[in-house]
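# Results of the structural survey
Below are the chains, spelled out letter by letter.
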Amino acid sequence: MISTKNKEFIVEYRPTSIRAARVSSLKPPVVVEELFSCSLNQDETDASTMREFAKIKQNAYMMSHCTIYPERRTVRRVTIDSGRGKETDFIFDLLKNELKTEADDVTAFCLSPESGAEIDPSDYNKKNVLVCAAAKEEILDIQQSLLKIGVYPRRAEIGTISLIGIIKETVATEKASQPILFLEVEDEFSSAIIVGPEGIEMSRRIDTGYAHIASALKLELNLKDEAAAEKLLASTDFDFGSFSKTILKKMIRELQSSIGFFEVQTGQSISRLHCVRHHSNLNWFQDSLSQELNLDAFNLDISSWLESKNIKLSENESTKNLDLTWLGLLSLLCEFEKEKAA
């Protein structure tokens, strides 16, 4: 049974956690009535918890607009290097190499890197396109996981894209509109995306992620296993200052290379860094990288940003003390003007 009650919900789904909001509308003006967050164990308790939050029957589904982050996804700015009529083949060859899967197993679309508008690469007068893709099998797995916890996804989108939209819009409205390095950290890889006032300037996949950092920490501290290292990495009170450079050595080297190449090619200077890793604490991680790369941390006044988007928070206790990790969920409520889109 699908709930027919007159309520709107948005959901951010990640492999280890879920966040949700009950809202007055999906388009501005919006009031965020209540927020919810929990870890996922993929058992019946999760479904019961979500239904309790939505105030729906135990056999009903919470109809939601969802933002998801498939592990096997890519958001890449690429320059199409092929003959006329061969653009699609070029893109799927790229995806085959990056996602390690055949074209039939991938869902893909192309956007303008400047405006964010969806485009047909074979009928586009520019060579630079933003390729967004994910493995079909993983999307289906996420859909099934959402259903298991009582969420019916009316729409699902890759969260990376709307986060880029927020960063791009922020840079474009500033007086000193220097590009920002947006870093998404996954288990086995990371995505480094340079976002400027005109959109995505450069993107690159880095073959080092959270699991590699945990492995380096395990060796550095002679820990029992990677699980112990990951638990320590998630700690909010452990001081990584003395050896953070060592466990982040490969990441730092790769990012320095990307930043150097971009700045030489464009003459622009990257000013800030924004790191995203599930809903985990990444303060030490971002602080360490910022120091080594000589970048400031990206910051955003959430109250002012919400006001600019005509989004209001209720007086519910759950809406207090929001931080930047909630941007992925709240981005589902944003309407980006075409000239300001990612």
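Before reading on, note that the structure itself is shown above.
Description of the structure in this document. None of these values were measured; they are calculated from a predicted model.

### So, the packing of helix H8 (residues 249-266) against helix H9 (residues 283-293)
Relative orientation and spacing of two packed helices are given, respectively, by the angle between their axes and the distance between those axes. Running from N to C, H8 and H9 cross one another at 50 degrees; their axes reach a closest spacing of 11 Å. Relative to H9, the element H8 lies oblique. The crossing of H8 and H9 is right-handed. Facing H8, whose interface residues are Met251, Ile252, Leu255, Gln256 and Ile259, H9 presents Phe285, Leu289, Glu292 and Leu293. In the contact of H8 with H9, the residues fall into seven nonpolar, one polar and one charged.

### Considerations on the packing of aromatic side chains
Counting across every chain of the model gives three aromatic pairs. Plain terms: the ring middles of Phe36 and Phe53 are 5.1 Å apart, the flat faces sit at 25 degrees to each other, and that makes the pair stacked. On the criterion of sequence distance, the pair formed by Phe36 in strand S3 (residues 30-39) and Phe53 in helix H1 (residues 44-54) is long-range, its members being 17 residues apart. The same class applies to Phe36 and to Phe53, which are both buried. For the ring pair Trp284 and Phe285, a centre distance of 5.7 Å and an interplane angle of 80 degrees mean the geometry is edge-to-face. Overall, Trp284 belongs to the buried group, its relative accessible area being 11%. Residue class for Phe285 comes out buried when judged on its relative accessible area of 2%.

### Thoughts on the sheet that holds strand S14 (residues 296-297)
Hydrogen bonds along the backbone pair up the strands of a sheet, which may run parallel or antiparallel. Taken in spatial order, the five strands line up as S12-S11-S10-S13-S14 in an open sheet, and their pairing is mixed. The strands lining the two open edges of the sheet, one partner per strand, are strand S12 (199-206) and S14. One ladder, built from six bridges, connects strand S10 (residues 180-185) with strand S11 (residues 190-196); its direction is antiparallel. Considered in S11, the bridge of Val185 is made with Ser190.

### Brief notes about helix H2 (residues 87-99)
If you check H2, its first and last C-alpha atoms are 18 Å apart, about what 13 residues at 1.5 Å a residue would give, namely 18 Å. Restricting attention to buried positions, one finds in H2 the residues Glu87, Ile91, Leu94, Leu95, Glu98 and Leu99. One face of H2 carries all of its buried residues, which in axial projection span an arc of 105 degrees. Positive phi appears at Lys100, one or two residues downstream of H2, with a value of about 55 degrees.

### Remarks on the environment of Glu307
Summarising the element assignment, Glu307 is placed in helix H10 (residues 302-308). Taking the C-alpha atoms as reference, Glu307 lies 42 Å from Glu87; in sequence the two are 220 residues apart.

About the thresholds
- Residues numbered from 1 in each chain as written.
- Predicted model: local features only at pLDDT ≥ 70, side-chain atom pairs only at ≥ 80, totals over all residues.
- Heavy atoms only, no water.
- Axes fitted to C-alpha atoms, helices over the stretch in contact; angles between N-to-C directions.
- Helix = DSSP H or I, 4+ residues; strand = E, 2+ residues; numbered from the N terminus.
- Parallel < 35°, antiparallel > 145°, perpendicular 65-115°, else oblique.
- Left-handed = near helix turned anticlockwise from the far one by under 90°.
- Contact = heavy atoms within 4.5 Å.
- Nonpolar A, V, L, I, M, F, W, Y, C, P; charged D, E, K, R; others polar.
- Phe/Tyr/Trp six-rings, centres within 6.5 Å; stacked < 30°, edge-to-face > 60°.
- Buried < 20%, exposed > 50% of the residue type's maximum accessible area, 1.4 Å probe, protein only.
- Pairing = 2+ DSSP bridges.
- Expected span 1.5 Å × (residues − 1).
- Arc of directions from axis to C-beta.

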